[in-house]
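Residue-level structure breakdown
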Amino acid sequence: MSFFNNINSTHLDILKEIGNIGAGHSATALSKLLNRKIDMQVPNVKIVSFDEMMELAGGPDNIVASVFLRIEGDVPGNMFFILQLPQATKLIQDLIRDEEFSFEGGTLSELGLSAFQELGNILSGSYLSSLSDFTQLHLYPSVPALSIDMVGAIIGYGLIELSQISDYAIVIDTAINEGELGETNSINGHFFLLPDPNSFEKIFSALGVQTDA
Amino acid sequence: MLDTGLVIKVGIADMNVVTAPNTIRTSGLGSCVGVVIFDQVHKVAGLAHIMLPSSTLSKADNLNRAKYADTAIEELLQLIGKSGGKSHSLKAKMAGGAQMFQFQNGSDIMRIGPRNVEAVSLELNRFKIPLISSDVGGSSGRTIEFDPQTTMLKIRTVNQGTKEI
C-alpha cells in the first residue's frame, strides 16, 4: 500500500507522542494500583515486518501473558499488553496477595486470572482514554481477552486485519518498568498499539497533519 | 544435538524446502496453519506458514504468495519439485488453525483459524495430495518441526507438551 511510503518523520513523531501519552497514563494507573514507582521508556515507533514484530515481544516461541483488545470506532486497531511470565506472576501475586499463584506451572486461580484481565483492562483503558481525549476521536475497546501462549500465536492474530493489505506493520511500542527492584523481579511490560492501515490517516488528520505530502 | 542436520526456520507468511538430514520448523502458529508437504522416498519436505485462506482477501499491490492458502500450496509444490520431490509420491501433514480469542461480535475475521484449515484441505484436494495427519483447532499456539527422514511432525503446545503425528 502506498500509504506506508508517505509516512515521514513528523508522522512517526506524532505516533510516538501517542505512545507517550497513552502509556504514561497507564504507568500512572499501574503505579497507583501497586503503590510503587513505575518508569516508562521512550516509545518506539517502527515499521516492521511481521517476523520483526514477533521479535519485539521476545520471538514467536516465547511464552507470555497477554491482554488483547480490539479497538472499534473512529480508528480501528488492535492493542496488546504483554508481560513475560515471571513478571506477570510476580505482579499478580502482589495484587491478590497470594504467593501460590503462578503462570509457570503453578496454580492458576480464577481470582488471579481475573485480576490479570482487570489489570489489562485498567492499563489499556487508561491508555486509550487518554488517546481519545488527545485526538478527540471515539475509541470503543472490546472486552479484553486474556491469553497465556506463544508470542507468534497471540500477535499473529492481531496482524490478520493488517496482513490483507500489507506485509508490514506500524507498531507503537512502549515499555514500562519498575525502577527499584533488580532486573529479574522488576515488571517490564510492553504495550503494542497496531492501528489498522486505514486508521493512520484519521489519526493524523484529527491532529491536523497532512498525510499526502 | 544428536543429528547433524540443520533446523531451517520458516517465518510467518513464509515458506521453505529442506532435504534430510535437515529439519524444518515454524514457531508460534495461532490461527495460522503450518502445512508440510513431503516426499518420503526422496526425503524432501516443504513447509508453508499460511496466514489467510484466500488471496482474494488481499488488497495489496504485490502479492506475497506464501501468505494465502490458495497460492501457497501451488508455490510450495513448485519449490518441492525443484528440490527433487516427485509429485506422485507427495503427502501432507498440517497443524494450527486455532481460535486464539473468543469475541462476542463474531465476524468472519474471528473464525480465521478454521477457515485457514478448510482452505488448505481444499487446496490439497485440488492437487490430489493425501493428508496423512493433522492437529488443528483448539485455542493454543503451536510450534512445529518436521523431519523428512522420519516424516514425523513434532508439535509443541504451551500446556500439552510435545507430541508427534
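Scroll up to find the structure this text is about.
Thresholds applied
Residues numbered from 1 in each chain as written. Chains lettered and ligands numbered in written order. Predicted model: local features only at pLDDT ≥ 70, side-chain atom pairs only at ≥ 80, totals over all residues. Heavy atoms only, no water. Helix = DSSP H or I, 4+ residues; strand = E, 2+ residues; numbered from the N terminus. Rg over C-alpha atoms; globule rule 2.2 N^0.38 Å. Buried < 20%, exposed > 50% of the residue type's maximum accessible area, 1.4 Å probe, protein only. Contact = heavy atoms within 4.5 Å. Buried area = accessible area lost by both parts, 1.4 Å probe. Salt bridge = Lys/Arg side-chain N within 4 Å of Asp/Glu carboxyl O. Polar contact = N/O pair within 3.5 Å; in protein donor to acceptor, adjacent residues only side chain to side chain. 1 Å grid on protein atoms, 1.4 Å probe; cavity = no way out; pocket = protein on both sides within 12 Å on 5 of 7 lines; lining within 4 Å. Points joined across faces, edges and corners; volume = space filled by probe spheres on them. Nonpolar A, V, L, I, M, F, W, Y, C, P; charged D, E, K, R; others polar. Pairing = 2+ DSSP bridges.

Quick look at the overall build of chain A
Summing up its helical and strand segments, chain A has seven helices and eight strands in all. On C-alpha atoms alone, chain A measures out to a radius of gyration of 17 Å, which is about the 17 Å that the 2.2 N^0.38 rule sets for 213 residues. Taken along its principal axes, the extent of the C-alpha atoms in chain A is 55 × 30 × 30 Å. Residues counted as buried form 56% of the 213 residues belonging to chain A. Contacts in chain A between residues far apart in sequence, at least 24 positions, make up 73% of those at least 6 positions apart.

Thoughts on the interface of chain B and chain A
Taken together, the 31 residues of chain B in the interface contact 29 residues of chain A. Between chain B and chain A, roughly 2600 Å² of surface is buried when both sides are summed, and carbon and sulfur atoms account for 62% of that area. In this structure, the connection of chain B to chain A is made through two salt bridges. Residues Arg156(B) and Asp61(A) are paired through a salt bridge, measuring 3.4 Å at the closest nitrogen-oxygen approach. Taken together, the connections running from chain B to chain A amount to nine residue pairs in polar contact (both at pLDDT 80 or more).

Some details on the pattern of salt bridges
In this structure the tally under the stated criterion is twelve salt bridges over all chains. A salt bridge links Arg70(A) to Asp196(A); its shortest N-O distance comes to 2.7 Å. Placement of the pair is Arg70(A) in strand E3 (residues 63-73) and Asp196(A) in the loop between strand E8 (188-195) and helix H7 (199-206), with a sequence separation of 126 residues. Of the two residues, Arg70(A) and Asp196(A), both sit in the buried class. Taking the shortest distance from any N to any O, the salt bridge between Lys67(B) and Asp167(A) comes out at 2.8 Å. Of the two residues, Lys67(B) is situated in the loop between strand E5 (44-50) and helix H1 (69-82) and Asp167(A) in the loop between helix H6 (160-163) and strand E7 (168-178); the pairing between them involves two chains. Because the salt bridges share partners, they merge into one network encompassing Arg70(A), Glu72(A) and Asp196(A).

Re empty space enclosed by the protein
Residues and elements named next belong to chain A. Summed over the entire model, instances satisfying the criterion amount to one cavity of 30 Å³ or more. Of the pockets and cavities examined, the largest cavity occupies roughly 60 Å³. Ile71, Val75, Pro76, Gly77, Leu128, Leu131, Leu139, Leu193, Pro195 and Ile203 together form the lining of the largest cavity. Mapped by element, the contributors of at least two residues to the lining of the largest cavity are helix H4 (110-135) and E8. When the residues that make up the lining of the largest cavity are grouped by side-chain class, the tally is nine nonpolar, one polar and no charged.

Digging into the pairing of strand E9 (residues 152-157) of chain B
Successive residues of a regular strand alternate their side chains across the two faces of the sheet. All names here are of chain B. On E9, burial follows the alternation: Leu153, Ile155 and Thr157 on one face are buried, whereas Met152, Lys154 and Arg156 on the facing-out side are not. The pairing of strand E8 (residues 142-147) with E9 spans six bridges and is classified as antiparallel. The partner of Asp147 across the bridge, within E9, is Met152. Here E8 hands over to E9 after four residues, with Thr151 in that stretch at a positive phi of 60 degrees. Connecting E9 to the antiparallel partner strand E10 (residues 161-164) that follows it, the hairpin turn spans three residues.

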